[in-house]
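Listed here are the chains, written in short residue letters.
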Amino acid sequence: MSHPEFHYIGQHLPRKEDYRLLTGRGRYVDDVEVPSALHACFVRSPHAHARILGIDAQAALEMPGVVTVVTGADLALWTTRQRMAPPIEGLQAMEMDTLPVSKVRFQGDPVACVIATDRYLAEDAVEQVRVDYEVLPAVSSMCQALDPASPRVDEALPSNLISHQQAIHGDPKARQREAYKTVESTFSMHRQTHLPIETRGCIAVWDEGRQHLTFHVGNQVPHPYRTTLAGRLRLSESQVTVISQDVGGGFGQKIALYREELTVAAVARHLKRPVRWREDRLENLLASSQARENFCRTRAAVSAEGRLLGLELEIIEDFGAYSFYPGNYLARVVAMILTGPYKVQDYSYDVKVVLSNKVGNGPMRAPMAITSWLMEGTMDAIARELGLDPVAVRRLNMLHPHELPYTMATGEVLADITPRETMEAALAAIGYEDFRQRQKQMRAQGVYLGLGLCTVVESTTYGSRFYKAAGIPGSGHEAAWLRIEPSGAVNASVGLGATGQGYETSLAHAVAEGLGVAPQLVHLHLGHTDIAPYGMGSRGARGGTAGGSTLYLCARDAQDKVLLIAAHHLGLVDHTSLRLRDGRVEQLAHDEWMATDLTLADVARTAYLDPTALPQGMSPGLEFHKTYDPPPMTYSNSTHVCEVEVALATGAIRFGRYVVAEDCGTVLSPVVVEGQQHGAIAMGLSGSLFEHIVYDEIGQNLSGTLADYLVATAHELPHFEIISMHTPNRSTPAGIKGMAEGGVMGAIGALSNAVNDALAPLGVVVNEQPLTPMYLRGLIRKSFQSTNKA
Amino acid sequence: MRAMEKRSITLTVNGQNHEVMVEPRKLLVDALREDCRLTGTHVGCEHGVCGACTVLVDGSTVRSCLTYAIQMEGHEVSTIESVDAGGKLSPLQQALHEEHGLQCGFCTPGIVMTFEAFLKHHSDPSEDEIREALSGNLCRCTGYQNIVKAIQKAAEQMRKNPDYVAP
């Protein structure tokens with residue numbers, strides 16, 4: 001690691017979480033024992049779009065073990081409706097029932113909930129709940145959604161266009177008129193889902209005496225979640241405790257309060273008995289949040305040399321049936337950061353988000369995932385149409401270090417990024433010129449190799465000022481506390497919700513650095529709303545910058561107080577010549593740090609048990625609290641280079657080398673960061689190759705099992721070679737930038753570009769995903785047919 | 001399916017006998033988790049694809065979500081809770097820790113059980129063999145690379161020192 005200014009940050013230590021998880025002693029929601037808890041199971045709509053004419057639960061209620069069956073009408077009495085109505089220009093407000101009362105909007109929409117003494121019995125009873133439906137025509141595609149003659153998914157809205165935003169910066173139309181050429185490209189990304197290996201689930205325990213709800217759930221944002229849960233139950237935030245212990249992956253699927261979870265909480269309170277729910281995989285694929293699915297078009301005005309003069313972007317996104325997030329939440333970021341590493345000021349976008357009879361969308365690891373494919377696919381298209389080398393086109397247009405900080409056309413400011421450095425490092429590592437030679441030789445033998453390049457500028461941490469500027473309500477700040485106990489033990493907490501990232505390890509490095517103790521001795525307490533401070537939780541890639549920085553600053557306050565006490569004890573006038581290192585107070589004498597007799601434990605004992613020995617006016621104890629709002633936005637950057645071989649006969653893709661140069665600034669834990677890089681690339685490749693939530697024309701979900709929704713296994717993924725770079729962000733404490741989503745963005749673009757490069761002699765261009773053998777074979781066949789005709 | 005009469009069966013899990021009352025349709029994984037209170041075995045898909053519920057039956061890997069508890073009478077079931085000896089990690093667990101072969105940890109017990117069995121019969125597996133064997137376990141966090149590395153390391157460790165127990 002290259003952080004000479006730090007002692008603990010960047011140390012290569014294995015994770016603290018591992019022991020319990022490796023030995024089967026983790027505590028995921030379904031592992032929490034609650035005596036005599038009842039089990040919930042949901043009755044779900046078999047239709048994509050239908051009116052609910054009646055629900056007859058009599059037969060179910062007569063079955064053994066069944067306690068009750070509740071419907072939307074019951075929930076309407078016990079909970080408030082959801083209203084998603086932030087004051088955003090171009091966005092329609094949406095209101096939703098807790099469970100549908102009058103109509104269902106997608107196949108899998110929950111219409112009733114059976115509560116029984118046993119999960120098996122609850123499932124039996126679900127089959128006996130009779131729901132009468134009047135089936136309505138379904139909206140199953142974006143094109144159909146935009147047709148004024150189509151049915152409306154939400155009849156309270158004037159159309160299916162939930163959000164429409166446009167902006168014109170400079171004059172891209174004028175640039176097209178002046179240009180040597182305008183290069184148009186299209187990109188279609190298919191519907192996918194997060195697929196955490198642990199499905200959703202929750203346990204609600206209502207304490208009638210205290211009028212208090214304890215709610216166990218795997219969640220990324222425990223405090224905002226509690227605010228919503230309490231509000232929808234008409235309880236105060238003092239009456240709800242949310243506990244999220246070990247979580248088996250989230251990837252964005254475990255943020256919003258789901259209707260099933262609210263139902264379980266409301267029923268537990270109504271029955272005054274604990275109720276638990278564990279989603280099965282079918283439900284997860286049919287009814288848990290989905291993501292992506294959009295159609296995009298870019299028009300790049302270019303000079304004959306390949307210089308980008310102006311750029312237009314159109315996006316249409318299929319948002320599904322319900323607005324669990326503001327409709328513009330995902331696509332708008334793509335539009336704002338599209339131009340990434342390239343210099344262009346004449347830029348416009350038009351972003352339409354439509355409703356359909358599918359599961360409501362949510363942010364999935366890299367909600368802006370398509371960004372880098374769009375931009376780098378456009379760069380390749382420019383090179384292709386002008387007969388230039390794709391690397392040369394990038395070199396011509398890419399920002400130079402002296403041009404930073406750079407204000408993009410949208411007003412977003414890029415600083416402390418190094419796209420040229422990552423691109424050149426990745427190209428050198430893969431041996432670009434040698435590859436071109438090899439490619440040529442192999443083509444002569446009928447072997448089609450391709451190399452794809454994708455440079456990513458990843459928006460990582462969204463500060464409050466970004467949200468304000470984007471018209472999105474909410475905050476980007478984070479909160480932390482730190483307590484040094486009388487023994488010198490160090491406890492700390494932050495408002496993030498861990499879902500497997502390894503926060504207990506990476507964040508311990510931030511505390512260690514700020515305080516001056518070994519990370520191994522720092523204990524993080526996360527995921528309990530009565531213990532953790534109110535923070536904004538885990539979304540995007542904010543854990544490091546928002547969470548890590550807040551803890552680091554909090555720990556620096558703590559070290560200050562410890563040293564003030566130490567200075568007083570040592571008879572010094574101030575503490576400027578002291579530091580804490582490995583839990584011992586050290587003093588600077590003749591340019592050398594010398595250990596004193598004082599340890600953190602000595603100081604802690606004084607602070608708690610002998611407060612009269614403290615400096616005049618100092619309050620006893622060693623307890624600290626800090627909040628911190630990061631800059632409007634921080635960026636990391638990387639370049640992915642991917643080699644593939646495409647078999648013309650089968651359309652199969654085989655990976656060669658996969659190299660990534662990534663600059664994510666100061667790294668708290670290189671172990672954890674490398675794990676995040678691998679995981680993100682894998683998710684991007686898996687999504688681009690296999691994963692596909694398929695709805696047919698009547699809105700039936702055809703991907704309800706893992707035999708239909710395919711995910712990459714160890715067998716299909718390449719070995720990742722990573723080149724680590726560490727340019728600190730100068731506007732955050734400790735130079736942290738954040739990371740963890742860029743890998744998805746880069747993988748999607750690098751793979752697609754590599755396939756196009758391989759198939760360039762055939763004139764084949766992929767403009768949709770997944771890149772299945774069937775899809776590629778179709779393109780290859782078409783290419784041969786047109787060649788034969790000619 | 002209709003509720004059925006519960007039957008008393010004896011499950012032998014990690015060398016201990018458990019007398020449990022189960023319906024014949026009760027899945028082994030549910031019996032392990034609910035009746036034997038061994039929650040280390042996880043349910044990821046309930047249709048035999050993800051591998052999170054993998055346990056050993058008489059030493060061979062089995063999907064406990066595709067097996068009924070009642071079928072297990074007279075067999076020896078081993079779960080993740082049996083792998084570490086008195087708090088000491090097995091070489092495989094230790095290597096997964098050292099190589100960062102797990103993140104959220106939900107798939108990890110299934111992977112550990114799969115490769116505790118695999119390494120008994122493959123003392124020097126190639127990367128391809130490991131990836132092939134690992135393709136029966138889905139992991140959404142790691143991209144598999146560090147798991148592969150850990151398995152190679154564990155195999156090496158076990159070859160060098162068959163009696164190795166982690167520190």
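Residues numbered from 1 in each chain as written. Chains lettered and ligands numbered in written order. Predicted model: local features only at pLDDT ≥ 70, side-chain atom pairs only at ≥ 80, totals over all residues. Heavy atoms only, no water.

**Things to note about unusual backbone geometry**
Residues and elements named next belong to chain A.
At step 1: Residue P405 follows L404 across a cis peptide bond; omega there is -10°.
At step 2: Following the sequence through the fold, P405 ends up in the loop between α12 (390–397) and β18 (406–407).
At step 3: The residue after Q769, namely P770, is reached through a cis peptide bond having omega 0°.
At step 4: Assignment of secondary structure puts P770 in the loop between α20 (742–758) and α21 (773–789). (Helix = DSSP H or I, 4+ residues; strand = E, 2+ residues; numbered from the N terminus.)

**Looking at the sheet that holds strand β8 (residues 130–135) of chain A**
Residues and elements named next belong to chain A.
At step 1: Taken in spatial order, the three strands make up an open sheet running β6-β2-β8, and their pairing is antiparallel. The open sheet has two edge strands with one neighbour each: β6 (103–104) and β8.
At step 2: Bridge count between strand β2 (residues 50–56) and β6: two bridges; the pairing is antiparallel. Bridging from a neighbouring strand, A50 pairs with V104 of β6. (Pairing = 2+ DSSP bridges.)

**Digging into helix α17 (residues 542–570) of chain A**
All names here are of chain A.
At step 1: For α17, which comprises 29 residues, the first-to-last C-alpha distance of 41 Å matches the rise-based estimate of 42 Å (1.5 Å per residue) to within 8%.
At step 2: When the local axis directions of α17 are compared, the greatest deviation, roughly 25°, occurs at G548.
At step 3: For α17, the buried fraction is high: 21 of the 29 residues fall into the buried class.
At step 4: One or two positions beyond α17, positive phi appears at G571, with a value near 75°. (Expected span 1.5 Å × (residues − 1). Bend = angle between axes of the 7 residues up to and from the residue. Buried < 20%, exposed > 50% of the residue type's maximum accessible area, 1.4 Å probe, protein only.)

**Some points on the interface of chain A and chain B**
At step 1: Taken residue by residue, the interface counts 59 residues in chain A and 50 residues in chain B.
At step 2: Carbon and sulfur atoms supply 53% of the area buried between chain A and chain B, which totals about 4,700 Å² over both sides.
At step 3: Counting across the interface, chain A meets chain B through seven salt bridges.
At step 4: The residue R140 of chain B makes a salt bridge to E691 of chain A at a minimum N-O spacing of 2.6 Å.
At step 5: Of all elements in the fold, only α1 (18–22), α4 (119–126) and α19 (670–689) of chain A reach the threshold of two or more residues within the side of chain A that touches chain B.
At step 6: Counting residues per element, the side of chain A that touches chain B draws most heavily on α19 of chain A, at ten residues. (Contact = heavy atoms within 4.5 Å. Buried area = accessible area lost by both parts, 1.4 Å probe. Salt bridge = Lys/Arg side-chain N within 4 Å of Asp/Glu carboxyl O.)

**What to know about the environment of I111 of chain B**
At step 1: Tracing the sequence through the fold places I111 of chain B in helix α3 (residues 108–121).
At step 2: It is 10.0 Å that separates the C-alpha atoms of I111 of chain B and Q93 of chain B, two residues lying 18 residues apart in sequence.

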